[in-house]
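What the coordinates show
Take a look at the letters that make up each chain.
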Amino acid sequence: MTGTALRSRYRPCVVGLLLLVSFALPPYADAGQMDLTLFVGRAYPIYDERLTIRPSAPSLPGVDVTVTGDPLIRADGGLVLGGAVAFEAGMLGIEARVDGTELGFEFTGARYDLRARQAPFSGLTGNVTLGDGRFDARRFYLLSGNLRLRTPGPVGLVVSGGLSLLPDITISGTVPVALNIAGLTVLQGAAPRLALVAAPGESGHRVGVNGGVGLRFGGDRVALMVEVRGFYFREYELRFETDDAPEFVASLVEGADGIRFRPIIVNGQAGLVFKF
């Protein structure tokens, strides 16, 4: 599915979220129960063995391939920037928020030993070494519509939760590659660009849930907030794609098993609340 088709498919979800807020705005705005929160923090992806990947040996026509070492991919968090608008009636309210989140993946490489089994190169040996690298996801913006509960007083407890929308994720990076054949270095220092993309049929896993709990300290107009918020989405299968890699490297990488990635993210953040 193309990026244009995906945007067309999920645009109604975004429009629906905006309409929900706009319909709820007039009565709460008239009552003066509106606040704007701006926050910064860090993302902490939570992962299990489905994010610690040991791809099986890829297949090349006419070549036996064995893997030395364990190629691994591990998730790593980054900066969070975002904001929220809420409208309250007493202790209850609704909240629309966006959490701009950065994620990365640390790649630990491995060596692939090759042995040709077809003439005229039968018996010829070599190896391809994939070095360590990093894949970074372009900052993506999690859109959420929540119900919220806030206790009164100078120190208030704030709890909110609801539905979230996960946008397209672009993950790309470079991995150093070396090739040796019959003990001779044929390629050294190459760093082809690789990308992790959702496998066919996986792009529909965009709607998830979020929930957060925090404290608010402050007066009538400006307050300080701290919170922890979690996001949960359905599992994806990610696969490697190559751009400028040599053909033998592309065959090795694209033949690896898919990576099972379940987007579970916990954000720790702090910010300022402006009351209107």
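So, here's what we can say about the structure. (Residues numbered from 1 in each chain as written. Predicted model: local features only at pLDDT ≥ 70, side-chain atom pairs only at ≥ 80, totals over all residues. Heavy atoms only, no water.)

1. Structural notes on the overall build of the chain
When its secondary structure is counted, the chain shows two helices and 17 strands. Counting across all 276 residues of the chain, residues that qualify as buried make up 43%. By sequence separation, contacts in the chain at least 24 residues apart represent 75% of the contacts at least 6 residues apart. Of the accessible surface of the chain, which amounts to about 13,700 Å², a share of 62% is contributed by carbon and sulfur atoms. (Helix = DSSP H or I, 4+ residues; strand = E, 2+ residues; numbered from the N terminus. Buried < 20%, exposed > 50% of the residue type's maximum accessible area, 1.4 Å probe, protein only. Contact = heavy atoms within 4.5 Å. Areas by Shrake-Rupley, 256 points an atom, 1.4 Å probe, with all protein chains shown as cover.)

2. Description of the side chain of glutamate 227
One can find glutamate 227 in strand S14 (residues 222-232). A distance of 3.2 Å separates polar atoms of two side chains, one belonging to glutamate 227 and the other to arginine 229. Within polar-contact distance, the side chain of glutamate 227 engages the side chain of glutamine 269 at 2.6 Å. Dropping the residues within four chain positions of it, glutamate 227 is found in contact with Arg97, Val213, Gly214, Asn267, Gly268 and Gln269. (Polar contact = N/O pair within 3.5 Å; in protein donor to acceptor, adjacent residues only side chain to side chain.)

3. Observations regarding the environment of arginine 206
Mapped onto the elements of the fold, arginine 206 is located in the loop between strand S12 (193-198) and strand S13 (207-218). You can call arginine 206 buried: its relative accessible area is 5%.

4. Topic: the pattern of salt bridges
Here the structure, examined in full by the defined rule, presents 15 salt bridges. In this structure, arginine 97 and aspartate 99 form a salt bridge, with 2.9 Å as the shortest nitrogen-oxygen distance. The buried category is assigned to arginine 97, whose relative accessible area is 5%. With relative accessibility at 0%, the residue aspartate 99 sits in the buried group. (Salt bridge = Lys/Arg side-chain N within 4 Å of Asp/Glu carboxyl O.)

5. Describing the environment of alanine 43
With respect to the helices and strands, the residue alanine 43 is situated in strand S1 (residues 34-45). A relative accessible area of 0% means that alanine 43 is categorised as buried. Residues alanine 43 and arginine 229 lie 186 residues apart in sequence; the distance between their C-alpha atoms is 9.5 Å. Not counting chain neighbours up to four residues away, the residues in contact with alanine 43 comprise Gly77, Gly78, Val80, Thr101, Glu102, Leu103, Ile265, Val266 and Asn267.

6. Here's the deal with the packing of aromatic side chains
For any pair of aromatic rings, the description consists of the separation of the ring centres together with the inter-plane angle of the planes. Tallying each qualifying case throughout the model produces one aromatic pair. Across the ring face of tyrosine 44, the terminal group of arginine 42 is positioned such that the distance to the ring centre comes to 5.8 Å. (Phe/Tyr/Trp six-rings, centres within 6.5 Å; stacked < 30°, edge-to-face > 60°. Lys NZ or Arg CZ within 6 Å of the ring centre and 35° of its normal.)

7. Considering the pairing of strand S8 (residues 155-165)
In the sheet, strand S7 (residues 133-150) pairs with S8 via eight bridges, with the strands oriented antiparallel. Counterpart to serine 144 in the pairing with S8 is serine 164. Linking two consecutive strands that pair antiparallel, namely S7 and S8, is a turn of four residues; a positive phi of about 110° is found at glycine 153 within it. Pairing geometry for S8 and S13, over 11 bridges, is antiparallel. Bridging across to S13, glycine 162 finds its partner in asparagine 210. (Pairing = 2+ DSSP bridges.)

8. Considering the pairing of strand S6 (residues 125-130)
Bridging between strand S5 (residues 110-116) and S6 involves six bridges; their strand directions are antiparallel. Counted as the bridge partner of leucine 114 is glycine 126 from S6. Summarising the sheet, S6 and strand S10 (residues 177-181) pair through five bridges and their orientation is antiparallel. Its bridge partner lying in S10, asparagine 127 is registered against asparagine 180.

9. Regarding the side chain of aspartate 35
Looking at the element boundaries, aspartate 35 is found in strand S1. Within polar-contact distance, the side chain of aspartate 35 engages the side chain of arginine 148 at 2.8 Å. For aspartate 35, the residues in contact, after removing those within four places along its chain, are Ala84, Val85, Ala86, Glu88, Arg148, Arg216, Val273, Phe274, Lys275 and Phe276.

10. Looking at the nonpolar core
Judged by nonpolar contacts, the single largest core of 35 residues is most densely connected at Phe135 and Phe240. By residue number, the principal contributor to this core is S7, which donates four residues. With residues up to four places along the chain from it excluded, the contact list for phenylalanine 135 reads Gly104, Phe105, Phe107, Ile171, Ser172, Gly173, Val175, Leu194 and Phe240. (Core = buried A, V, L, I, M, F, W, Y, C linked by side-chain atoms within 4.5 Å.)

11. Thoughts on the environment of glycine 162
Take glycine 162: it is sitting in strand S8. Considered as a pair, glycine 162 and alanine 96 are 66 residues apart in the sequence and their alpha carbons are 9.7 Å apart. If we skip the residues at most four places from it in the chain, glycine 162 touches Gly145, Asn146, Gly208, Val209 and Asn210.

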